[in-house]
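Descriptive analysis of the structure
In case you want the letters, here they are:
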Amino acid sequence: VKYVDEFRDGRLAGAIAEAIALAAAPGRDYHLMEFCGGHTHAIHRHGIQDLLPPNIRMVHGPGCPVCVLPMSRIDNAIQIAQTQNVILCTYGDMLRVPGSNHASLFRARAEGADVRMVYSVMDALRIAQQRPEREVVFFAIGFETTTPPTAVAVLQAESLGLRNFSVFCNHVLTPSAIQSILNSPEVRELGRVRIDGFIGPAHVSTVIGSRPYEFFAAEYQRPVVIAGFEPLDVMQSILMLVRQLNEGRAEVENEFTRAVTREGNVKAQALVAEVFELRRAFEWRGLGMVPYSALRIKKRYADVDAEQRFELPSLPWADHKSCQCGAVLRGITRPQECKLFGNVCTPETPVGPCMVSAEGACAAHYTYGRFRDLRQTA
Amino acid sequence: MHDDIVHVGYALNRLDPEEAEQTLELFRQVARESGIPWPEAAQ
């Protein structure tokens, strides 16, 4: 595939690895957080950690939308699915995320609820058009990349006069989550998690641009490099971060100039601003309540808001007491340090959400990284 | 013809081929500096 294969060239990866090794100052450690689960997956899949010198450590961040959604919202989605006459549509991974008491949307479907996996919100809209006698609810999750399509669906439902379509909105925001990590006691006071710089997700910045990161790069003095998801993109962004740190700079740099600008996709931003507004706070698994970190549907579109249409109690929630997903999402614990990892908890039998999504740190490490562990202990 | 960045069925943005080539050229520059014997790097 054009502009994919070229960015996977092993010889070039070797050259960039050599440049990183030369740039990394001996006697200095570099702790770099890749915020996005897509980068976590790429790092594991392509063995990037093995190409880095030992004094560069990648810290996995919470940028996996499936992983950060708290159990109470999964329970709410199950409640909606179990409501008479409802068809609940969502992206595939969400079916397998455990709710409380071993519940899941998969299980709800086995027990008779009409839960459907869709590839796009437009599939849900189409089902609503085809089945006017049923209530179709789209369980919307995701960062800034999935939000514009949901906005389009809301506007389209309104223009089509669809009365049987609504959205259970769980869209969250990347910059607020990074700021929350930088404000967390583990990073600020306890020093348990050291983060010297961030790799920012390119696909998010194709929408929001690079500008939203400028504030906290300056305020918290942490460099940010926005990077694509191919291995050479990730390697190059690591090199750019190491160089910034060596030079004492904390700037926002853009590695993915082929689709990211400072301003982003202004049309998509306008669609999102038309339909959504900021929530005062939203609960994230692992991060707790994060101020202004999620979106809700504006009052003007309340007819399409499932939170207005259905009675959804705010449920108390607690993860499995041995599950370390919260700590993994904050970068405190590595997947292999959780005692459930690889025995009780596997991608086939996930206990926590980080083992469900391919972007989850636990699933990525189980699929690729555990072989690295075996090599190291052999 | 344009290449798009597609996510959940939508094109989020267009890929700029000139910028993509410039990024690849940056990588080739790194390869040249590393002395990697590679035909494209010598261009």
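Details of the structure are given in the entry above.
Attention here is on the structure that accompanies the text. What you are looking at is a predicted structure, and each value in this text was computed from that prediction instead of being measured. (Residues numbered from 1 in each chain as written. Chains lettered and ligands numbered in written order. Predicted model: local features only at pLDDT ≥ 70, side-chain atom pairs only at ≥ 80, totals over all residues. Heavy atoms only, no water.)

1. So, the pattern of salt bridges
All names here are of chain A. Our working definition: Salt bridge, as applied in this entry: a Lys or Arg side-chain nitrogen positioned within 4 Å of an Asp or Glu carboxyl oxygen. Secondary structure follows DSSP: runs of H or I at least 4 residues long count as helices, runs of E at least 2 residues long count as strands, and numbering of each begins at the N terminus. Buried residues are those whose accessible area, probed at 1.4 Å on protein chains only, stays under 20% of the maximum for their type, while exposed residues exceed 50% and partly exposed ones sit between those limits.
Under the defined criterion, the tally for this structure stands at 26 salt bridges over all chains. In this structure, Glu186 engages Arg330 in a salt bridge whose closest nitrogen and oxygen atoms are separated by 3.3 Å. Placement of Glu186 in helix H9 (residues 185-188) and of Arg330 in the loop between helix H15 (325-329) and helix H16 (361-377) is noted, with a sequence separation of 144 residues between them. Between Glu253 and Arg249 there is a salt bridge, with the nearest N and O atoms lying 3.1 Å from each other. Among the residues examined, Glu253 registers a relative accessible area of 19% and is labelled buried. In the salt-bridge network here, residues are joined through shared partners; they are Glu247, Arg249, Glu251 and Glu253.

2. Remarks on the side chain of Asp114 of chain A
All names here are of chain A. Note the cut-off: Any pair of nitrogen or oxygen atoms within 3.5 Å is treated as a polar contact; in protein, a donor-acceptor pairing is required on top of that, and neighbouring residues in sequence qualify only through side-chain atoms on both sides. We call two residues in contact when some of their heavy atoms are within 4.5 Å.
Among the structural elements, Asp114 can be located in strand E4 (residues 114-117). Of the polar contacts made by the side chain of Asp114, one reaches the side chain of Arg116; its length is 3.0 Å. Excluding anything up to four places from it in sequence, Asp114 contacts Ala81, Val86, Ile87, Leu88 and Arg134.

3. As for the state of the cysteines
All names here are of chain A. Put simply, the test is: The definition used for a disulfide is geometric: two cysteine sulfur atoms within 2.5 Å.
A full pass over the atoms with the stated rule returns one disulfide over all chains. Each disulfide pairs two cysteine sulfurs, and for Cys64 the partner residue is Cys67, the sulfurs being separated by 2.4 Å. Taking the sign of the S-S torsion, 70 degrees for the link of Cys64 and Cys67, the bridge is right-handed. Judged by its relative accessible area of 1%, Cys67 is buried. Its sulfur unpaired, Cys325 is 3.3 Å from the next cysteine sulfur, which belongs to Cys354. Residue classification places Cys354 among the buried residues on the basis of a relative accessible area of 1%.

4. Here's the deal with empty space enclosed by the protein
In this approach, a probe sized like a water molecule rolls over the atoms, and the result shows the empty space that is left. Cut-off, in case you're wondering: Grid spacing is 1 Å over the protein atoms alone, the probe is 1.4 Å, and a cavity is where that probe fits but cannot get out, while a pocket is an open set with protein on both sides within 12 Å along at least five of seven lines and lining residues have an atom within 4 Å of a point. Grid points are joined across faces, edges and corners, and a volume is the space filled by probe spheres set on the points. All residues other than Ala, Val, Leu, Ile, Met, Phe, Trp, Tyr, Cys, Pro, Asp, Glu, Lys and Arg, Gly among them, are scored as polar; the first ten of these are nonpolar and the last four charged.
Under the definition given, this model contains four cavities of 30 Å³ or more. Of the volumes computed, that of the largest cavity is approximately 80 Å³. Across the lining of the largest cavity, the residue classes break down as 10 nonpolar, two polar and no charged.

5. Focus: unusual backbone geometry
All names here are of chain A. In this structure, Tyr3 is a non-glycine residue whose phi angle is positive, near 60 degrees. If you trace the backbone, Tyr3 turns up in the segment before helix H1 (10-23). A positive phi is found at Asn101, a non-glycine position, where the angle reads about 50 degrees. Summarising the element assignment, Asn101 is placed in the loop between strand E3 (86-90) and helix H5 (105-110).

6. Brief notes about the sheet that holds strand E9 (residues 252-254) of chain A
To summarise the sheet geometry, strands pair through backbone hydrogen bonds and adopt either a parallel or an antiparallel arrangement. Residues and elements named next belong to chain A. Applied cut-off: In this description, strands pair whenever DSSP reports at least two bridges between them. Axes here mean lines fitted to C-alpha atoms, for a helix over just the part in contact, with angles spanning 0 to 180 degrees between N-to-C directions.
Spatially, the five strands line up as an open sheet ordered E2-E1-E7-E8-E9, and their pairing is parallel. The open sheet has two free edges, formed respectively by strand E2 (56-63) and E9, since each of these has just one partner strand. The average angle at which neighbouring strand axes cross in this sheet is 25 degrees, direction not considered. Taken together, the three bridges between strand E1 (residues 30-36) and strand E7 (residues 197-201) define a ladder with parallel strand orientation. Bridging from a neighbouring strand, Leu32 pairs with Gly197 of E7. Lying on the sheet, helix H8 (residues 174-183) is in contact with E1, E2 and E7; it crosses E1 at an angle near 145 degrees. Packing against the sheet, helix H12 (residues 231-246) makes contact with E1, E2, E7, strand E8 (224-227) and E9, and its axis sits at approximately 165 degrees to E8.

7. What about the interface of chain B and chain A?
Note the cut-off: Simply put, the buried area is the total loss of 1.4 Å probe accessible area from both parts when two parts are fitted together.
With 27 residues of chain B at the interface, the matching set in chain A holds 32 residues. When the area that chain B buries against chain A is broken down by residue, the three leading residues are Tyr10, Leu12 and Phe27 of chain B, summing to 26%. Elements that contribute at least two residues to the side of chain B that touches chain A include exactly strand E1 (3-7), strand E2 (10-15) and helix H1 (17-33) of chain B. Considering every element that reaches the side of chain B that touches chain A, the biggest residue donor is H1 of chain B, with 11 residues.

8. Quick look at the pairing of E7 of chain A
All names here are of chain A. Taking burial as the measure, the five residues of E7 include five buried ones, the bulk of the element. Neither face of E7 is open: one carries Gly197, Ile199 and Pro201, the other Phe198 and Gly200, and all of them are buried. Two strands pair when backbone bridges link them, and E7 and E8 are joined in this way by four bridges, in the parallel orientation. In the sheet register, Ile199 faces E8, and the bridge partner there is Val225.

9. With respect to the packing of helix H6 (residues 121-130) of chain A against helix H7 (residues 147-160) of chain A
Residue and element names in this part refer to chain A. Counted only if it meets this: Each angle receives one of four descriptions, namely roughly parallel if under 35 degrees, roughly antiparallel if over 145, roughly perpendicular if within 65 to 115, and oblique otherwise. For any helix crossing, the convention is left-handed if the near helix is rotated counterclockwise from the far helix by under a right angle, and right-handed if that rotation is clockwise.
At a closest axis distance of 9 Å, the pairing of H6 and H7 adopts a crossing angle of 20 degrees. Classified by the angle their axes make, H6 and H7 are roughly parallel. Two packed elements cross with a definite hand, and for H6 against H7 that hand is right-handed. For the pair formed by H6 and H7, the contact residues are Val121, Met122, Leu125 and Gln129 on the first element and Pro149, Thr150, Ala153, Gln156, Ala157 and Leu160 on the second. Residues of the contact of H6 with H7, tallied by class, amount to seven nonpolar, three polar and no charged.

Read these as geometric descriptors, not functional statements.
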